[in-house]
Amino acid sequence: MSRFWSPVVQTLTPYVPGEQPKMARLVKLNTNESPYGPSPKALAAIHEQTNDDLRLYPDPEGLALKQAIADLHGLDPKQVFLGNGSDEVLAHVFLGLLKQNLPVQFPDITYSFYPVYCKLFDIHYQTIPLGDGFGIQTADYQSPNGGIIFPNPNAPTGRAIARREIEDLLARNTDSVVVIDEAYVDYGTQSCIELLRGPSCPENLLVVHTLSKSRALAGLRVGFAVGHPALIEGLERVKNSFNSYPLGRLAQAGAIAAIQDQAHLEQTSNKVIQTREHLVAELVALGFDTLPSTANFIFTRHPRHAGAVLYQALRDRGIIVRHFKSARIENFLRITIGTNAQNDEFVTALKEILSTS
Ligand SMILES: *Cc1c(COP(=O)(O)O)cnc(C)c1O
């Protein structure tokens, strides 16, 4: 605390990211990073771009990267917005599209950065409870709102809803923007991006992606949003009032190569999905209730063991998972899917904990 903090800073409750511990030899299953490296082509592109050109500012528009994303998804580059990680994209979305007279709506259990942005930008919000089984029920989003945002699959539950449900929501909700945060879409969820192709692109659908999860580039900081060109233009106005160069030369070069290496994405995502299914089966055998996941993490609880206790016991054995001390989910653990070897270490530790407590 300092008397020099502005009044708004005094009121903030910043987002707390999963820790990045400094201890060696950890099984780190807490922040949904990929256990596999990024595309070797992305690394090569970053190496190649590591030269004297770094004295020059990067392309402020990131046009080559926008073109690569547009090509991959069958869109026009004018439908693409870039940011320094999708968290930055989301910040601009909240300020530029979701700060309206009516409250923005999102699930009561969801990505905990959303209420943080609302606080920062002084945006009213309303949380809509997840239904039974912790699923998003789009029918509950009926009242007038200044926008709707949720991840699909949702975080930290891992549960997805069908694209058809989002189409129904869009058909009903025509007076505000619907933002689908598809951070984990590559692990078995239907993307909404194809709704944006061609002349039938809805005016009010925005889809947000990150290269941090399935493309294994959390350290590079690249995210993007795709939607109607008029929505993108609004976001560009915010971005160009904040930072003209959010993506450096290395980030742009690496992201282009990563976006173009679809084979690497598919190969690594498939491995994650296989390990996930294996883990889910092992957890059933240990008596855990696990929500159905189409993400690179699972959300699970044991009927006889408190989440906080399991979290600490795992931690004592060098295994870091994520535990949220929030109402309704305090007995759940969110476990990132690692390699098969990490998974085995995790399950072995869990068996030991359950047998001794
Ligand atoms: C990880 C995550 C993000 C942010 O990713 P960046 O690393 O900032 O690109 C956004 N939304 C959700 C739901 C996430 O889990």
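Residues numbered from 1 in each chain as written. Predicted model: local features only at pLDDT ≥ 70, side-chain atom pairs only at ≥ 80, totals over all residues. Heavy atoms only, no water.

**Student:** Now, about the overall build of the protein: what can you tell me, with residues and values included?
**Tutor:** Looking only at helices and strands, the protein has eleven helices and twelve strands in total. At 21 Å, the protein has a C-alpha radius of gyration in line with the 21 Å of a compact globule built from 357 residues. Among the 357 residues that make up the protein, the fraction classed as buried is 52%. In the protein, 32 side chains carry a positive charge and 36 a negative one; their mean positions are 5 Å apart. (Helix = DSSP H or I, 4+ residues; strand = E, 2+ residues; numbered from the N terminus. Rg over C-alpha atoms; globule rule 2.2 N^0.38 Å. Buried < 20%, exposed > 50% of the residue type's maximum accessible area, 1.4 Å probe, protein only. Lys, Arg positive; Asp, Glu negative; His and termini not counted. Charge placed at Lys NZ, Arg CZ, Asp CG, Glu CD.)

**Student:** Lay out helix H10 (residues 307-316) in plain terms, naming residues and giving numbers.
**Tutor:** Taken together, the buried positions of H10 are Gly307, Leu310, Ala313 and Leu314. The arc that holds the buried residues of H10, viewed along the axis, is 130°, so those residues lie on one side. Exposed positions of H10 whose direction lies more than 90 degrees from the buried face are Val309 and Asp316. On its buried face, H10 sits against strand E11 (319-320), strand E12 (332-336) and helix H11 (340-356). Remark: Gly318 follows H10 within two positions and exhibits a positive phi of approximately 80°. (Arc of directions from axis to C-beta. Contact = heavy atoms within 4.5 Å.)

**Student:** Please set out the sheet that holds strand E2 (residues 80-83) residue by residue, giving values where relevant.
**Tutor:** Strand pairs in the sheet, formed through backbone hydrogen bonds, run parallel or antiparallel to each other. Reading across the sheet, the seven strands line up as E2-E8-E7-E6-E5-E3-E4 and stay open at both edges, with mixed pairing between neighbours. Lying at the two open borders of the sheet, with one neighbouring strand each, are E2 and strand E4 (125-128). Mean inter-strand twist for the sheet, computed between neighbouring axes without regard to direction, equals 20°. Inspection of the sheet shows strand E3 (residues 104-107) paired to strand E5 (residues 147-151) by two bridges, in the parallel sense. Note on E5: the bridge partner recorded for Val104 is Gly147. Its contacts with the sheet put helix H5 (residues 113-121) on E3, E4, E5 and strand E6 (178-181), and the angle it makes with E3 is roughly 155°. (Pairing = 2+ DSSP bridges. Axes fitted to C-alpha atoms, helices over the stretch in contact; angles between N-to-C directions.)

**Student:** Lay out the domain arrangement of the protein with the relevant residues and their values.
**Tutor:** How big an interface is tends to be stated in terms of accessible area lost as the parts join. Domain assignment breaks the protein into domain 1 (21-37 + 263-355) and domain 2 (40-260). On a C-alpha basis, the centroid separation for the pair domain 1 and domain 2 is 26 Å. Tallying the contact residues gives 27 residues for domain 1 and 26 residues for domain 2. Taken over both partners, the interface formed by domain 1 and domain 2 buries close to 2,000 Å², and the fraction arising from carbon and sulfur atoms is 63%. (Domains from an automatic or database assignment. Buried area = accessible area lost by both parts, 1.4 Å probe.)

**Student:** Before we move on, could you go through the packing of helix H3 (residues 63-73) against helix H8 (residues 249-260) and cite the residues and values that matter?
**Tutor:** The N-to-C vectors of H3 and H8 enclose an angle of 15°; their axes lie 9 Å apart at closest approach. Classified by the angle their axes make, H3 and H8 are roughly parallel. The chirality of how H3 crosses H8 is left-handed. Contacts from Ala64, Leu65, Ala68, Ile69 and Leu72 in H3 reach Ala255, Ile256, Ile259 and Gln260 in H8. (Parallel < 35°, antiparallel > 145°, perpendicular 65-115°, else oblique. Left-handed = near helix turned anticlockwise from the far one by under 90°.)

**Student:** Tell me about the state of the cysteines, and please be specific about residues and values.
**Tutor:** The final tally for this structure, using the stated rule, is zero disulfides. The structure places no disulfide on Cys192, whose sulfur is separated from the nearest cysteine sulfur, that of Cys201, by 12 Å. A relative accessible area of 11% means that Cys201 is categorised as buried. (Disulfide = S-S within 2.5 Å.)

**Student:** Quick one: what's the story with the layout of surface pockets, residue by residue and with numbers?
**Tutor:** As a volume, the second largest pocket reaches approximately 310 Å³. Lining of the second largest pocket is provided by 20 residues; of these, His73, Asp186, His209, Gln262 and Leu265 occupy positions nearest its centre. The element that contributes the greatest number of residues to the lining of the second largest pocket is helix H9 (residues 262-285), accounting for four residues. Classifying every residue of the lining of the second largest pocket gives seven nonpolar, seven polar and six charged. Viewed by domain, the lining of the second largest pocket spans two of them, domain 1 (21-37 + 263-355) and domain 2 (40-260), each represented by three or more residues. (1 Å grid on protein atoms, 1.4 Å probe; cavity = no way out; pocket = protein on both sides within 12 Å on 5 of 7 lines; lining within 4 Å. Points joined across faces, edges and corners; volume = space filled by probe spheres on them. Nonpolar A, V, L, I, M, F, W, Y, C, P; charged D, E, K, R; others polar.)

**Student:** I'd like to hear about the pairing of E5, residue by residue, with values.
**Tutor:** On any regular strand, side chains alternate: one points to one face of the sheet, the next to the other face. Along E5, five of the five residues are buried, which leaves the element largely enclosed by surrounding structure. Burial along E5 is two-sided: the face carrying Gly147, Ile149 and Pro151 and the face carrying Ile148 and Phe150 are both buried. Of the pairings in the sheet, the one linking E5 to E6 comprises four bridges and is parallel in character. Bridge pairing links Pro151 to Asp181 in E6.

**Student:** Run through the packing of aromatic side chains, naming residues and quoting values.
**Tutor:** For the coordinates displayed, the defined rule picks out 14 aromatic pairs. Their ring planes at 20° and their centres at 5.0 Å tell us that Phe106 and Tyr125 sit as a pair that is stacked. Pair noted here: Phe106 is in strand E3 and Tyr125 is in strand E4, with a separation of 19 residues, a long-range link. Their ring planes at 5° and their centres at 4.3 Å tell us that Phe113 and Tyr117 sit as a pair that is stacked. Placement of the pair is Phe113 and Tyr117 together in helix H5, with a separation of four residues, close to one helical turn. Grouping residues by exposure puts Phe113 and Tyr117 together as buried. Directly above the aromatic system of Tyr36 lies the positively charged group of Lys271, at a separation of 4.2 Å from the ring centroid. Above the ring of Phe297, the side-chain terminus of Arg334 is found at 5.7 Å from the ring centroid. (Phe/Tyr/Trp six-rings, centres within 6.5 Å; stacked < 30°, edge-to-face > 60°. Lys NZ or Arg CZ within 6 Å of the ring centre and 35° of its normal.)

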